[in-house]
Amino acid sequence: MKVKLLVFAAALLALTSLSFAQNFVACFYYDGSQLTANCDGTGGALPDGTPMVIYYDANSNGPDAADQPATVCSNPPDCADGPAGTVNFNTFVINSAEVGLEPGQFLSEPCFTSSGITPSPSRYYIKLTAANGLVWMSPVFTLAVGPQDVYCGPWTCTPPPPPTCTPIPDTRAVTFAPVSGNVQDQAACITLCHAYPTVTVCVGPTLFGRLPEVVASSNCQCDPHQAAGYTFDGSMAGPWVWNAATMSYCQQIVLGPNGTEGCVELHFDYILAARVTDVQILPRDNSVSVSFKTASETNMARYEVRRNGNVVARLDANNGSTEHSYSYTDNSAANGTTYTYELVSVSVDGSTNLEATQAVTPDQNHALVTEYALHQNFPNPFNPTTSIRFDLVENNFVSLKIYNANGQEVSTIVNGNRQAGVNVVNFDATNLTSGLYFYTVKVGNVYSATKKMLLVK
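All values reported here derive from a predicted model rather than from experimental measurement.

Overview of the side chain of N423
Next up, step 1: Its location among the elements puts N423 in strand β32 (residues 421-428).
Next up, step 2: A distance of 3.2 Å separates a polar side-chain atom of N423 from the backbone oxygen of G421.
Next up, step 3: With residues near it in sequence (within four places) discarded, N423 still touches I388, R389, F390, L392 and R418.

Structure representation (structure tokens):
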């Protein structure tokens, strides 16, 4: 990866015998590959708003624990230790959409500005720490007096520290005790670790001579995350073994050597009810979509979608023995409002179970894109900034240009690959005169469109 540091320098102080008595203005512009959620380039680009910090390499020995963020001015916007109007900051964010770059790229706005006497040498580096602890680090670069282009790369990536896996107590056993005569629904959240990869699962005597039925699912919320790569067949045909000493059926759930440490929910019913999995409650544009699956169902009446405690949808149960999918879209939700949604299962005897809950806020950026579109800029008329939205069905190369009323190109906002979905970019017409303008988007060779906008100053 490569960082391009566009450094615009000016001798704001008269140079003396101290060669390091100097001022400079440095705009950090990153146009390399995406800064991604994982070091191997997977997980997608880090989102806009992810913060970065400029560090001063105090000992000229590269990044270490002794380095501190670059010193900020003592009295912005007029720094006591520099010329009037200078501002010295050390934090900025990924802003690819705002400045028309690819996702995971940035331009520091305003520029990082030194004030007063700069250290010698002026060695800095940029550090980005993602929410999961992953760290992206630029190489150390030296800023000198005078106009210059400083190329710095490649970036290095340090993955987040491995999660701490805490197993359940050393008994390493989960036992479901029946309540005779009742429909009993029980669940246990267990943690599988490589240090303790095996858990014994036991079920007491079942009603009506039935063998046990235990389902492993991902409904547990535990640290560090959901387990994967384990072996377990909790069906009635599974490898249950009668244990006369404990008067129960038992088998083991085992985390494989290449499995992922984490938690698993073991769910047991004497009379098999709903096994709800893959619940998704997602914000959309002026709507919220709810979807889920059931591995199997017995004696279920319906599923209810509730918003802020009120039922907004009732979905009749399928009551099949195989997987079934359900979905519902609440089109009465408004953008900018936060709602709490619940998915509740209701059995034929009227008993209920809360399957999932989620707070969501719809907005236009979560629109489900099914066709290419160029939207009217907002606001319109505008002065001097406005937002332009275009929708992409799939990733593609996009060109977005501004033309005046004479058909002359006055600005290129986007010229590169963009991701599928809703894309919003800002246009600043500070340097343009009032009048009618046109903006044209071209998406590869599959779509193009033009719309008008009016600049009024």
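Considering the state of the cysteines
Next up, step 1: For the structure shown, the criterion picks out two disulfides.
Next up, step 2: Between the sulfur of C39 and that of C157 lies a disulfide, 2.0 Å long from S to S. Negative torsions about the S-S bond denote left-handed disulfides, and the value of about -75° found for C39 with C157 makes this one left-handed. Of this pair, C39 sits in the loop between β2 (24-30) and β3 (51-56) while C157 sits in strand β12 (residues 156-158); the two residues are 118 residues apart in sequence, bridging distant segments of the chain.
Next up, step 3: Assessed through its relative accessible area of 31%, C39 is described here as partly exposed.
Next up, step 4: For C157, a relative accessible area of 22% corresponds to the partly exposed category.
Next up, step 5: The disulfide bridge from C202 ends at C250, spanning 2.1 Å between sulfur atoms. Between C202 and C250 the sulfur-sulfur dihedral comes to about 110°; the bridge is accordingly right-handed. With a gap of 48 residues between them, C202 in strand β15 (residues 198-203) and C250 in strand β19 (residues 248-260) connect regions that are remote in the sequence.

So, the pattern of salt bridges
Next up, step 1: As enumerated under the stated definition, the model contains eight salt bridges in all.
Next up, step 2: In this structure, E304 and R306 form a salt bridge, with 2.8 Å as the shortest nitrogen-oxygen distance.
Next up, step 3: Among the salt bridges present, the one from D391 reaches R389, with a minimum N-O distance of 3.0 Å. Grouping residues by exposure puts D391 and R389 together as buried.
Next up, step 4: One continuous salt-bridge network, built from bridges that share partners, spans R302, E304, R306 and R314.

Here we look at the environment of N310
Next up, step 1: Structurally, the position occupied by N310 is in strand β24 (residues 310-316).
Next up, step 2: With 31 residues separating them in the primary sequence, N310 and Y341 have C-alpha atoms 9.1 Å apart.

Here's the deal with the sheet that holds strand β33 (residues 435-443)
Next up, step 1: Spatially, four strands are ordered β31-β30-β33-β34 in an open sheet, and the strand pairing comes out antiparallel. For this open sheet the edge positions go to β31 (409-418) and β34 (447-455), each flanked by a neighbour on one side alone. Between one strand and the next, the sheet's axes are offset by a mean angle of 15°, whatever the strand orientation.
Next up, step 2: In terms of strand pairing, strand β30 (residues 396-404) meets β31 through eight bridges, oriented antiparallel. Bridge assignment links V398 to a residue of β31, and that residue is G416.

Re the confidence of the model for the protein
Next up, step 1: For the protein, per-residue confidence averages 78 on the pLDDT scale, and residues scoring 70 or more make up 74% of the total.
Next up, step 2: Counting contacts from residues 1-22, a segment whose pLDDT is below 50, to residues more than four positions away or on other chains yields 74 contacts.
Next up, step 3: Ignoring residues within four places in sequence, the model shows residues 179-183, a span with pLDDT below 50, making six contacts including any to other chains.

Quick look at a nonpolar patch on the surface
Next up, step 1: A grouping of L436, L454 and V456 is seen on the molecular surface, where their side chains present a nonpolar patch of about 220 Å² in accessible area.
Next up, step 2: Along the chain, the position of L436 falls in strand β33.
Next up, step 3: Take L436: its relative accessible area is 36%, and that puts it in the partly exposed class.

Each value, and the rule that gives it
Residues numbered from 1 in each chain as written. Predicted model: local features only at pLDDT ≥ 70, side-chain atom pairs only at ≥ 80, totals over all residues. Heavy atoms only, no water. Helix = DSSP H or I, 4+ residues; strand = E, 2+ residues; numbered from the N terminus. Polar contact = N/O pair within 3.5 Å; in protein donor to acceptor, adjacent residues only side chain to side chain. Contact = heavy atoms within 4.5 Å. Disulfide = S-S within 2.5 Å. Buried < 20%, exposed > 50% of the residue type's maximum accessible area, 1.4 Å probe, protein only. Salt bridge = Lys/Arg side-chain N within 4 Å of Asp/Glu carboxyl O. Pairing = 2+ DSSP bridges. Axes fitted to C-alpha atoms, helices over the stretch in contact; angles between N-to-C directions. pLDDT = per-residue confidence, 0-100. Patch = residues over 30% accessible without salt bridge, like charges linked within 9 Å, V, L, I, M, F, W, Y side chains within 5 Å. Areas by Shrake-Rupley, 256 points an atom, 1.4 Å probe, with all protein chains shown as cover.

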